[in-house]
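An overview of the molecular structure
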Amino acid sequence: MKDIFGKALLDYHNENYTEDLITATNISEEDTLPLPYLFRDYTKMPKLEKQALQVCKGRILDVGCGSGSHSLHLQEKGYTIKAIDISKGAIEVSKKRGVLNAELKALLEETETFDTILLLMNGTGIFEELTAVAKYLNHLKSLLNPKGQILIDSSDISYMYTDDDGGSWVDLNSGYPGELDYYLSYKEEKEVAMKWLYLDFETLKTACLTVGLKCEKIMDGNHFDYLAKLTLAD
């Protein structure tokens, strides 16, 4: 991994902002991901993120922390936060911005326990493929303190497989439609394609039931997205 994402964050933080990140998937054209958006404060966050931050409690793990915006907000509110990311640049930026406990670490390597685990900005993406969802949910479950919660968001992207007449063109032989190949580029440098998973709510709920987690929807977003809360089943 070239850590193009981390390089972009470092450029912006170090006031070398000249270009934005470019994203694409195997079913969508290139799109711009503005770097300033990745440094947004609470007032500029989508309503799903605001709601997630409002219902946080106890000791918190921020998974895929990026530039640390969520962690910083919660830290300012007096919470104890641990922020993790697999991007070296992201962790460097988070620390420079003031996140007190930021660590270069993959989720599956985490062993501490928490009262709230945050996975935002399509938190299910980290699961990569539908067949890996149970593995990740079981690990997340092992990190929860009694009465703890996992706050995670995603989207039902089935709308991307419909045409203007409402017909569907999804290839039923190609697997779950939320499994995408995600491409990232920055300043003419391209990252190795990675797997990225979007989960519709009912599929997430079913997966949770199989591993002993209760899944409830907290709210819907503006565009086929949702925020869910996962807790230990009674």
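Each value, and the rule that gives it
- Residues numbered from 1 in each chain as written.
- Predicted model: local features only at pLDDT ≥ 70, side-chain atom pairs only at ≥ 80, totals over all residues.
- Heavy atoms only, no water.
- Helix = DSSP H or I, 4+ residues; strand = E, 2+ residues; numbered from the N terminus.
- Rg over C-alpha atoms; globule rule 2.2 N^0.38 Å.
- Buried < 20%, exposed > 50% of the residue type's maximum accessible area, 1.4 Å probe, protein only.
- Contact = heavy atoms within 4.5 Å.
- Areas by Shrake-Rupley, 256 points an atom, 1.4 Å probe, with all protein chains shown as cover.
- Lys, Arg positive; Asp, Glu negative; His and termini not counted.
- Charge placed at Lys NZ, Arg CZ, Asp CG, Glu CD.
- Arc of directions from axis to C-beta.
- Phe/Tyr/Trp six-rings, centres within 6.5 Å; stacked < 30°, edge-to-face > 60°.
- Lys NZ or Arg CZ within 6 Å of the ring centre and 35° of its normal.
- Salt bridge = Lys/Arg side-chain N within 4 Å of Asp/Glu carboxyl O.
- Disulfide = S-S within 2.5 Å.
- Axes fitted to C-alpha atoms, helices over the stretch in contact; angles between N-to-C directions.
- Parallel < 35°, antiparallel > 145°, perpendicular 65-115°, else oblique.
- Nonpolar A, V, L, I, M, F, W, Y, C, P; charged D, E, K, R; others polar.

**With respect to the overall build of the protein**
The helix and strand tally for the protein stands at 6 helices and 12 strands. Taken over the C-alpha trace, the protein has a radius of gyration of 17 Å; the compact-globule value for 234 residues is 17 Å, and the two agree within 12%. Classification of the 234 residues of the protein by burial places 47% in the buried group. A sequence separation of at least 24 residues applies to 62% of the contacts in the protein between residues at least 6 apart. Carbon together with sulfur atoms contributes 49% to the accessible area of the protein, which is approximately 11,800 Å² in total. Computing the positive centroid from 25 side-chain charges and the negative centroid from 38, the protein places the two 9 Å apart.

**A few points about helix α5 (residues 133–142)**
What α5 keeps buried is the set V133, Y136, L137, H139 and L140. One side of α5 carries all its buried residues, which in axial view fall inside an arc of 160°. Where α5 is buried, its residues contact β6 (114–119), β7 (144–155), β10 (194–197), α6 (201–210), β11 (213–220) and β12 (225–232).

**Re the packing of aromatic side chains**
Here the structure, examined in full by the defined rule, presents 5 aromatic pairs. With 5.1 Å between their ring centres and 65° between their planes, Y12 and Y17 make a pair best called edge-to-face. Given a relative accessible area of 25%, Y12 falls into the partly exposed group. Ring geometry for F127 against Y136: centres 5.3 Å apart, planes inclined by 35°, an arrangement best described as tilted. You'll find F127 and Y136 in the same group, each marked buried. Here the aromatic cluster, defined as three or more aromatic residues joined through ring pairs, consists of Y12, Y17 and F39. Here the guanidinium or amino end of K50 rests over the ring plane of Y42, the centre of that ring lying 5.6 Å away.

**Topic: the pattern of salt bridges**
One pass over the full model with this rule turns up 13 salt bridges. In this structure, K82 and E103 form a salt bridge, with 3.3 Å as the shortest nitrogen-oxygen distance. Linking K82 in strand β4 (residues 81–85) with E103 in strand β5 (residues 102–104), this pair joins segments that are 21 residues apart in sequence. Residue K105 is joined to E103 by a salt bridge in which the shortest nitrogen-to-oxygen separation is 3.3 Å. A network of salt bridges, in which partner residues are shared, links R59, K82, E103, K105, E110 and E112.

**Here's the deal with helix α2 (residues 47–54)**
Burial in α2 covers these residues: L48, E49, A52 and L53. Along the long axis of α2, the arc covered by the buried residues comes to 130°, so they all point the same way. Turning to α2, the residues buried within the fold contact α3 (69–76), β6, β7, β11 and β12.

**Describing the environment of I218**
Position of I218 among the secondary structure elements: in strand β11. With relative accessibility at 28%, the residue I218 sits in the partly exposed group. Sequence separation of I218 and L130 is 88 residues, and the distance between their C-alpha atoms is 22 Å. Ignoring anything within four residues of it in the chain, the contact list for I218 reads Q51, V55, L151, L227, A228 and K229.

**Some details on the state of the cysteines**
Within this structure, the stated rule accounts for 0 disulfides. Its sulfur unpaired, C56 is 14 Å from the next cysteine sulfur, which belongs to C65.

**Describing the packing of helix α1 (residues 4–13) against helix α4 (residues 88–97)**
Any two packed helices are characterised by the angle at which their axes cross and by the distance between the axes. Put simply, α1 and α4 touch, their axes get as near as 7 Å, and they point 30° apart. With respect to α4, the axis of α1 lies roughly parallel. In this structure, α1 contributes F5, G6, L9, L10 and H13 to the contact, and α4 contributes G89, A90, E92, V93, K96 and R97. Class assignment for the residues of the contact of α1 with α4 results in 5 nonpolar, 3 polar and 3 charged.

**Observations regarding the environment of E112**
Position of E112 relative to the elements: it lies in the loop between β5 and β6. For the pair formed by E112 and K82, sequence separation is 30 residues and the distance between their alpha carbons is 9.7 Å. Dropping the residues within four chain positions of it, E112 is found in contact with R59, K82 and L143.

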